[in-house]
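# A closer look at the structure
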Amino acid sequence: MQARQRSYSHSESDTADDAIYAELDPAVFRKRLMSWYRQHARELPWRGITDPYRTWVSEVMLQQTRVAAVVEHYHAFLRRFPTILALALATEDDVLAAWSGLGYYRRARMLHKAAKFITEERGGVLPSTAAELRTLPGIGEYTCAAIASIAFGEGVPVLDGNVERVLLRLLGRPEEGTMISRTFLQRQAAALVPRRRVDHKSNAAGDHNQAMMELGATICLPRAPLCLNCPVFSMCKTRGEHVTLLRATQRSRPAAHLLSLRKRGTATQVLLERRADDVALMPGMYELPPLPLDAVENREPMLRVRHSITNTNYYVQVFAPRGSTDRALRRAIPAAKADLHWVRTNRLHSLPLTGLARKILQRLDVMETRPVTLPEPLSDTPAAPTRKKPRASAVKV
Ligand code: SF4
């Protein structure tokens, strides 16, 4: 999924301006787009729902994360936090644990913060207009337009990376990444979105915005667009010939981590390190202790795994001590910054693990391959939010 960007907050008085600037015939375009969307839209769990909170959660998850990964986590997250109140009353560690595997954990923190704000300052009710949604902490222009249109039927356009690409290609504009270019695209997107509000049977603006994003995600693909299947092929100025800017090149980095297990009675414990609260990336989350590369030079790893974070591919090797007398690896952990904890393996699901730690622990069968433990079936009835879940048993080393 492409990174989502700014949207265009739109008032009724802007409509005439947008019509003047429109480079496509909005009525013809919408008819072709929606006819295609009704037949070809993917069935996704956040489509056709009526709960704005769920739309909000899905839109935040979809930013910078693949649809497949979101599908895997969406229901689990909502079972754990079925309402804004349940989310507001949770601890940050619980929210991060449920988010583990989706990456970009700042999104989870901001979602949690906004849920608290709505609960404390707005009577627990999510605002219904893009302008009001924009006043909430952590809700940017894309998210407020997506929620306002999809959940409440407001006629505001969304402009994420997919929509931007579709419009640039349709209109034969170069990809410039400037404010002028973005303002132009916002006007074009605004000219195409229907103004009608939801009437309990249809949601023209929300469906249109989802159809635009779907077109970019499934047909007008970044590298090889499927132009012969495109519903607006005859309106497109480039038809697969659009020149796109080169993306940032991927970097490669080696990394090494320690897997240390021990038995305590019938329980197995794994050694984890809690990242410092003041680091920029994933503060406060738990990972397998990192090792300096020179400490593992002549050792054979028990696992090799590739893990991508933004533009960096980490080639990670995982090492385990050779028997109970091998203390060299433990000593290799930089002592000054290590915040180490022995954690029971059956409690790992309730701990905010980094995506890499989760991947390694699941590959090595230390942790089950399920996203979250879910005791209750999904229900529209809000679960009692005050019930405390058992905390991960963590023994500070
Ligand atoms: S014709 Fe091709 S390039 Fe043009 S909008 Fe459709 S998929 Fe994209």
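Please read these numbers as outputs of a predicted model, since none were measured by experiment.

On to the overall build of the protein. For the protein, the count of helices and strands is 14 helices and 9 strands. Across the 397 residues of the protein, 50% fall into the buried class. Taking the contacts inside the protein whose residues are at least 6 apart along the sequence as the reference set, 71% of them involve residues at least 24 apart. Approximately 19,700 Å² of the protein is accessible, and the part contributed by carbon and sulfur atoms is 51%.

Time to look at the nonpolar core. Counting 73 residues, the largest nonpolar core has Phe29, Tyr53, Trp56, Phe77, Trp99, Leu167 and Leu170 as the members making the most contacts within it. If you tally residues by element for this core, the top one is helix 9 (residues 141-152), at 8 residues. Ignoring sequence-local partners within four residues, the contact set of Phe29 consists of Leu24, Leu170, Leu192, His208, Met212, Val232 and Met235. Leu259, Val305, Ala357 and Ile360 belong to the second-largest nonpolar core, a separate cluster that totals 20 residues.

In this section: the site of the ligand. Lining the immediate surroundings of the ligand are Arg169, Leu170, Ile219, Cys220, Pro225, Cys227, Cys230, Phe233, Cys236 and Gly240. Residue composition of the shell around the ligand, by class: 8 nonpolar, 1 polar and 1 charged.

This part covers the packing of helix 3 (residues 52-62) against helix 9. In contact at an axis separation of 9 Å, helix 3 and helix 9 are set at 140 degrees when each is read in the N-to-C sense. The handedness of the crossing between helix 3 and helix 9 is right-handed. Between helix 3 and helix 9, the contacting residues are Pro52, Thr55, Trp56, Glu59 and Val60 on the first element and Tyr142, Thr143, Ala146, Ile147, Ile150, Ala151 and Phe152 on the second. Broken down by class, the residue content of the contact of helix 3 with helix 9 amounts to 9 nonpolar, 2 polar and 1 charged.

Let us look at the packing of helix 4 (residues 67-80) against helix 6 (residues 92-99). Relative to each other, helix 4 and helix 6 sit at 155 degrees, their axes nearing to 9 Å. With respect to their mutual orientation, helix 4 and helix 6 come out roughly antiparallel. Taken as a pair, helix 4 and helix 6 cross one another with a handedness that is right-handed. Contact residues: His73, Phe77 and Arg80 in helix 4; Asp94, Val95, Ala97, Ala98 and Trp99 in helix 6. For the contact of helix 4 with helix 6, a count of residues per class yields 5 nonpolar, 1 polar and 2 charged.

Even without a glycine there, the phi angle at Gln64 is positive, about 65 degrees. The topology assignment puts Gln64 in the loop between helix 3 and helix 4. Its identity is not glycine, yet Arg239 carries a phi of approximately 45 degrees, on the positive side. Tracing the backbone through its elements, the reader meets Arg239 in the loop between helix 12 (204-218) and strand 1 (251-258). Exposure remark for Arg239: the relative accessible area of 38% places this residue in the partly exposed category.

A few words now on the pairing of strand 7 (residues 312-319). Sheet analysis places strand 1 next to strand 7, joined by 8 bridges and oriented parallel. Following the sheet pairing, Ala256 is matched in strand 7 by Gln317. The sheet contact formed by strand 6 (residues 303-309) and strand 7 spans 7 bridges and is antiparallel. Within strand 7, the position partnered with Leu303 by the bridge is Val318.

Bringing the environment of Glu241 into the picture now. Residue position: Glu241 is located in the loop between helix 12 and strand 1. The exposure class of Glu241 is exposed, given its relative accessible area of 63%.

With that settled, consider the sheet that holds strand 5 (residues 290-291). Read from one edge to the other, the open sheet built from 4 strands follows the order 5-1-7-6, with strand pairing classed as mixed. Sheet topology places strand 5 and strand 6 at the edges, where each strand pairs with a single neighbour. Each of strand 1, strand 6 and strand 7 is contacted by helix 14 (residues 355-363), which is oriented at about 150 degrees to strand 6, the strand it contacts most.

Next up on the list: helix 9. With 12 residues, helix 9 should reach 16 Å at 1.5 Å per residue; the first-to-last C-alpha distance of 16 Å fits that figure. Burial of helix 9 is extensive: 11 of the 12 residues sit out of reach of the surface. Burial in helix 9 covers these residues: Glu141, Tyr142, Thr143, Cys144, Ala145, Ala146, Ile147, Ala148, Ser149, Ile150 and Phe152. Buried residues in helix 9 make contact with helix 3, helix 8 (130-133) and helix 12. Phi turns positive, to about 75 degrees, at Gly153, one or two residues after helix 9.

Moving on, we get to the packing of aromatic side chains. Scanning the model with the defined rule gives 4 aromatic pairs in all. Considering the side-chain rings of Phe77 and Phe81, the 5.0 Å spacing of their centres and the 65 degrees angle between planes classify their relative orientation as edge-to-face. Taken as a pair, Phe77 and Phe81 share a single burial class, namely buried. Look at Phe77 and Trp99: their rings are 5.7 Å apart centre to centre, the planes differ by 85 degrees, and that puts the pair in the edge-to-face class. Separated by 22 residues along the polypeptide, Phe77 in helix 4 and Trp99 in helix 6 bring together distant segments of the chain. By the burial criterion, Phe77 is buried, and Trp99 matches it. Through successive ring pairs, a cluster of aromatic residues spans Phe77, Phe81 and Trp99. Sitting over the face of the ring of Phe233, Arg239 holds its NZ or CZ atom 4.4 Å from the ring centroid.

Scoring rules and cut-offs
Once a new chain begins, its residue numbering starts again from 1 and follows that chain's sequence as written. The predicted nature of this model means local features are confined to residues of pLDDT at least 70 and side-chain atom pairs, given and counted, to a pLDDT of 80 or more, with totals for whole chains, interfaces and linings taken over all residues. The side-chain numbers reported here are obtained from all heavy atoms of the structure, hydrogens and water having been left aside. The helix count covers DSSP runs of H or I at least four residues long, the strand count covers runs of E at least two residues long, and both are numbered beginning at the N terminus. Here the term buried applies to any residue with accessible area under 20% of the maximum for its type, exposed to any over 50%, and partly exposed to those in between, with areas from a 1.4 Å probe on protein chains only. The contact criterion used is simple: two residues touch if any of their non-hydrogen atoms lie within 4.5 Å. Here the accessible surface of atoms and residues is derived via Shrake-Rupley with a 1.4 Å probe, and residues count as covered only by protein chains that are part of the display. The nonpolar core is taken to be a set of buried Ala, Val, Leu, Ile, Met, Phe, Trp, Tyr and Cys residues, with the residues joined through side-chain atoms within 4.5 Å. Put simply, a residue is near a molecule or strand once any heavy atom of it comes within 4 Å of that molecule or strand. Gly is put with the polar residues, along with every residue not named as nonpolar or charged; the nonpolar set is Ala, Val, Leu, Ile, Met, Phe, Trp, Tyr, Cys and Pro, and the charged set is Asp, Glu, Lys and Arg. The angle between two axes is taken between their N-to-C directions and runs from 0 to 180 degrees, where each axis is a line fitted to C-alpha atoms and a helix contributes only its stretch in contact. For a crossing to be left-handed, the near helix must be turned anticlockwise from the far one by less than a right angle; the clockwise case is right-handed. Note that the term roughly parallel is reserved for angles under 35 degrees, roughly antiparallel for angles over 145, roughly perpendicular for angles of 65 to 115, and oblique for everything else. Strand pairing follows a simple DSSP-based rule, namely that at least 2 bridges must link the two strands. Given the number of residues in a helix, its expected span is that number minus one, multiplied by 1.5 Å. Classification of ring pairs uses Phe, Tyr and Trp, with its six-membered ring standing for Trp, and accepts pairs whose centres are within 6.5 Å; under 30 degrees between planes counts as stacked, over 60 as edge-to-face, and the remaining range as tilted. In this scheme, Lys NZ or Arg CZ marks a charge over a ring once it lies within 6 Å of the ring centre and within 35 degrees of the ring normal.

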